[in-house]
Amino acid sequence: MNFSIYVRLLIAMIFKKVKMKNTYKHLDIITEKEWMYRLQNGTYTEVAGFPFPNYSDYYALTVEGKSQLFVFESKVITWAISISALIVSVIALWRTY
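How each quantity is defined
- Residues numbered from 1 in each chain as written.
- Predicted model: local features only at pLDDT ≥ 70, side-chain atom pairs only at ≥ 80, totals over all residues.
- Heavy atoms only, no water.
- Helix = DSSP H or I, 4+ residues; strand = E, 2+ residues; numbered from the N terminus.
- Rg over C-alpha atoms; globule rule 2.2 N^0.38 Å.
- Buried < 20%, exposed > 50% of the residue type's maximum accessible area, 1.4 Å probe, protein only.
- Contact = heavy atoms within 4.5 Å.
- Patch = residues over 30% accessible without salt bridge, like charges linked within 9 Å, V, L, I, M, F, W, Y side chains within 5 Å.
- Areas by Shrake-Rupley, 256 points an atom, 1.4 Å probe, with all protein chains shown as cover.
- Salt bridge = Lys/Arg side-chain N within 4 Å of Asp/Glu carboxyl O.
- Expected span 1.5 Å × (residues − 1).
- Arc of directions from axis to C-beta.
- Polar contact = N/O pair within 3.5 Å; in protein donor to acceptor, adjacent residues only side chain to side chain.

**Q** Could you clarify how one ought to interpret the overall build of the protein chain in this entry?
**A** Counting its regular elements, the protein chain contains 3 helices and 3 strands. Shown N-terminal to C-terminal, the secondary structure of the protein chain runs as helices and strands in the order α-β-α-β-β-α. Over its C-alpha atoms the protein chain spans a radius of gyration of 21 Å, topping by over 25% the 13 Å that the globule rule assigns to 97 residues. Once the C-alpha set of the protein chain is aligned to its principal axes, its extents read approximately 80 × 25 × 20 Å. Out of the 97 residues belonging to the protein chain, those deemed buried represent 20%. Long-range contacts, defined as pairs at least 24 residues apart, comprise 51% of the intrachain contacts of the protein chain with a sequence gap of at least 6.

Next up, the structure:
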């Protein structure tokens, strides 16, 4: 997962939906992995006599998307703690000389 996908998932979690055009470059990854689903806009079109729902440009977060969001955040937090510990160790070593 890259930062762009993370931001879209985070916005969807905070605001319950996010607007994405069909030209968004990571849309196929997001829908293929079922991290988000497309919301209906409430209108219907008749196809061969049967109602077919129309979809908007808004997407909502799924349970799988929410879990992937938390997995990514935990990896980033672990990475940040380890990098900051390394920096503090180097500074402490540098100050002793």
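The discussion continues.
**Q** Could you clarify how one ought to interpret a nonpolar patch on the surface in this entry?
**A** Taken together, Val76, Trp79, Ile83, Leu86, Ile87, Val90, Ile91 and Trp94 make up a surface patch of nonpolar side chains, about 840 Å² in accessible area. Positionally, Val90 belongs in helix 3 (residues 63-96).

**Q** Is there a simple way to explain helix 1 (residues 3-15) in this structure?
**A** Count 3.6 residues to each turn of an α-helix, and residues three or four apart come out pointing the same way. Across its 13 residues, helix 1 extends 18 Å between first and last C-alpha, which sits within 8% of the 18 Å expected from 1.5 Å per residue. Taken together, the buried positions of helix 1 are Ile5, Tyr6, Leu9 and Ala12. Down the axis of helix 1, the buried set is contained in an arc of 130°. They therefore lie on one face. Summarising the geometry of helix 1, the exposed residues directed more than 90 degrees from the buried face are Phe3, Ile14 and Phe15. Tucked into the core, helix 1 has its buried residues touching strand 1 (18-19), helix 2 (27-32), strand 2 (36-47), strand 3 (50-61) and helix 3. Residue Asn2 occupies the N-cap position of helix 1, its side-chain oxygen lying 3.3 Å from the main-chain nitrogen of Ser4. Two residues or fewer after helix 1 comes Lys16, characterised by a positive phi angle close to 75°.

**Q** How should the side chain of Ser56 be read in this particular structure?
**A** Structurally, Ser56 is set in strand 3. Each residue touching Ser56, except ones within four places of it in the same chain, is listed here: Arg38, Leu39 and Asn41.

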